[in-house]
Amino acid sequence: MKAALVGADGTLLHEARRATGRERGPDAVVETILAFAAELHAYGVEHFGTGAVAAGVAVPGIVDATNGIAIYAANLGWRDVPMRALLAERLGGLPVALGHDVRTGGLAEGRIGAGRGADRFLFVPLGTGIAGAIGIAGTIEAGAHGYAGEIGHIVVRPDGPDCGCGQRGCLETLASASAVTRAWAAASGDPDADAADCAKAVESGDPAAVRVWRNAVDALAAGLVTALTLLDPRTLIIGGGLAEAGETLFTPLRAAVEERVTFQKLPHIVPAALGDTAGCLGAGLLAWDLLSTEVSA
Ligand SMILES: [Zn+2]
């Protein structure tokens, strides 16, 4: 997990990382988060003369941001953790905001990253899975139940591979970094080959790699066109491991999206700018937002 002290203008003042400790179970992960936050608070006092004035934390899975509860995360094993209350208690009563990792990363990309200045954007990180954050006028739409933006589970091939969500042919099973890794490991016969290796093979003109890449790009374009038909974003920010392939991804992706749209307006399709610190910076923005809300309220 990543943590940072973030200035009022979104500047990263200090950054730290540590293992989640998830092999020791969900309670250990929660304790790691609480202790990590308390240490950072103390670091601020020691190095900047003052501790944090508010805290933000972003977690994966299903999040009830309104009530500050981390509801469920498959990879961490927790259920209904009152994260905001626990953290506020550990930090001596500081205001605490809780957010969803991808939506929080999207908030940072929208305000201080690749979507800076865009009134409406969609942030889609292509990693182990695929998620999305819908940016509207400086905030991120969470949906009525906290599920908005789950573009990875748009079905793009109804007869496609089984997905962990229970459907078949979800975008995530075809175009995530993990999906490309699986497809390229099978096609190349090298069980250790991954999506980055596939991108390199595409660049050197390997026809098998080009086929694997093309399949992923086509599926991705189909999913993105569904999303932009629905949302009409001004900017489409693509992040995550697969976006590190740069123009090897973006050139064919822009072409495939353009090929599919008819009446829809094309958004600017750009790479994410903040890398894996997006969630961290976004959590900082959530914390600052909390203070400005309190002042104005
Ligand atoms: Zn799915």
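Thresholds applied
- Residues numbered from 1 in each chain as written.
- Predicted model: local features only at pLDDT ≥ 70, side-chain atom pairs only at ≥ 80, totals over all residues.
- Heavy atoms only, no water.
- Salt bridge = Lys/Arg side-chain N within 4 Å of Asp/Glu carboxyl O.
- Helix = DSSP H or I, 4+ residues; strand = E, 2+ residues; numbered from the N terminus.
- Buried < 20%, exposed > 50% of the residue type's maximum accessible area, 1.4 Å probe, protein only.
- Pairing = 2+ DSSP bridges.
- Right-handed = clockwise from strand over helix to strand, strands pointing away.
- Domains from an automatic or database assignment.
- Contact = heavy atoms within 4.5 Å.
- Buried area = accessible area lost by both parts, 1.4 Å probe.
- Axes fitted to C-alpha atoms, helices over the stretch in contact; angles between N-to-C directions.
- Parallel < 35°, antiparallel > 145°, perpendicular 65-115°, else oblique.
- Left-handed = near helix turned anticlockwise from the far one by under 90°.
- Nonpolar A, V, L, I, M, F, W, Y, C, P; charged D, E, K, R; others polar.
- 1 Å grid on protein atoms, 1.4 Å probe; cavity = no way out; pocket = protein on both sides within 12 Å on 5 of 7 lines; lining within 4 Å.
- Points joined across faces, edges and corners; volume = space filled by probe spheres on them.

1. A word on the pattern of salt bridges
Moving on, step 1. For the structure shown, the criterion picks out 10 salt bridges.
Moving on, step 2. Taking the shortest distance from any N to any O, the salt bridge between E15 and R17 comes out at 3.5 Å.
Moving on, step 3. R18 serves as the salt-bridge partner of E39, at 2.8 Å between the closest nitrogen and oxygen. Taken as a pair, E39 in helix α1 (residues 26–48) and R18 in the loop between β2 (12–17) and α1 lie far apart in primary sequence, 21 residues in all.
Moving on, step 4. The partly exposed category is assigned to E39, whose relative accessible area is 42%.
Moving on, step 5. What emerges from the salt-bridge pattern is a single network uniting E15, R17 and D276.

2. Brief notes about the pairing of strand β12 (residues 268–271)
Moving on, step 1. Both strand β11 (residues 235–239) and β12 contribute to a ladder of 4 bridges, which runs parallel. Bridge pairing in β12 links I238 to P271.
Moving on, step 2. Crossover connection from β11 via helix α8 (residues 247–260) to parallel β12: handedness right-handed.

3. Description of the domain arrangement of the protein chain
Moving on, step 1. Domains assigned within the protein chain are domain 1 (2–104 + 276–296) and domain 2 (117–273).
Moving on, step 2. Centre-to-centre, using C-alpha coordinates, domain 1 lies 28 Å away from domain 2.
Moving on, step 3. Each side of the interface is counted separately: domain 1 has 5 residues, and domain 2 has 13 residues.
Moving on, step 4. The junction of domain 1 with domain 2 conceals about 650 Å² of combined surface from both sides, 62% of it contributed by carbon and sulfur atoms.

4. A closer look at the sheet that holds β12
Moving on, step 1. Read from one edge of the open sheet, 5 strands run β10-β9-β8-β11-β12, paired in mixed fashion. Bordering the open sheet on either side are β10 (139–141) and β12, each of which pairs with just one other strand. Strand-to-strand twist of the sheet, defined as the mean angle between neighbouring strand axes without regard to direction, takes the value 25°.
Moving on, step 2. Contacts from α8 reach β11 and β12 within the one sheet, and its direction differs from that of β12 by about 160°.

5. Re the side chain of H14
Moving on, step 1. Structurally, H14 can be placed in strand β2.
Moving on, step 2. A relative accessible area of 18% means that H14 is categorised as buried.

6. Let's talk about the packing of helix α5 (residues 177–188) against helix α7 (residues 207–231)
Moving on, step 1. One way to put it is that α5 packs onto α7 with a least axis distance of 10 Å and a crossing angle of 155°. In this view, α5 runs roughly antiparallel relative to α7, as classed from their interaxial angle. By crossing handedness, the relation of α5 to α7 is classed as right-handed. Residue-level contacts link V180, A183, W184 and A187 of α5 to A208, A209, V212, W213 and A216 of α7.
Moving on, step 2. Grouping the constituent residues of the contact of α5 with α7 by class yields 9 nonpolar, no polar and no charged.

7. A word on the pairing of strand β8 (residues 120–125)
Moving on, step 1. Among the 6 residues of β8, 5 are classified as buried, and the element is accordingly described as predominantly covered.
Moving on, step 2. Taken together, the 4 bridges between β8 and strand β9 (residues 133–136) define a ladder with antiparallel strand orientation. When the sheet's bridge partners are listed, F123 is paired in β9 with A133.

8. What to know about the layout of surface pockets
Moving on, step 1. In this model, the second largest pocket occupies a volume close to 580 Å³.
Moving on, step 2. Lining the second largest pocket are 27 residues, and of these A65, L98, G99, I140 and L286 lie nearest its centre.
Moving on, step 3. Of all the elements in the fold, those that place two or more residues in the lining of the second largest pocket are β4 (62–64), β7 (96–100), α3 (101–112), β10 and α9 (278–296).
Moving on, step 4. For the lining of the second largest pocket, the element with the most residues is β7, which contributes 5 residues.
Moving on, step 5. Classifying every residue of the lining of the second largest pocket gives 12 nonpolar, 10 polar and 5 charged.
Moving on, step 6. Formed jointly, the lining of the second largest pocket draws a minimum of three residues from each of two domains, domain 1 (2–104 + 276–296) and domain 2 (117–273).

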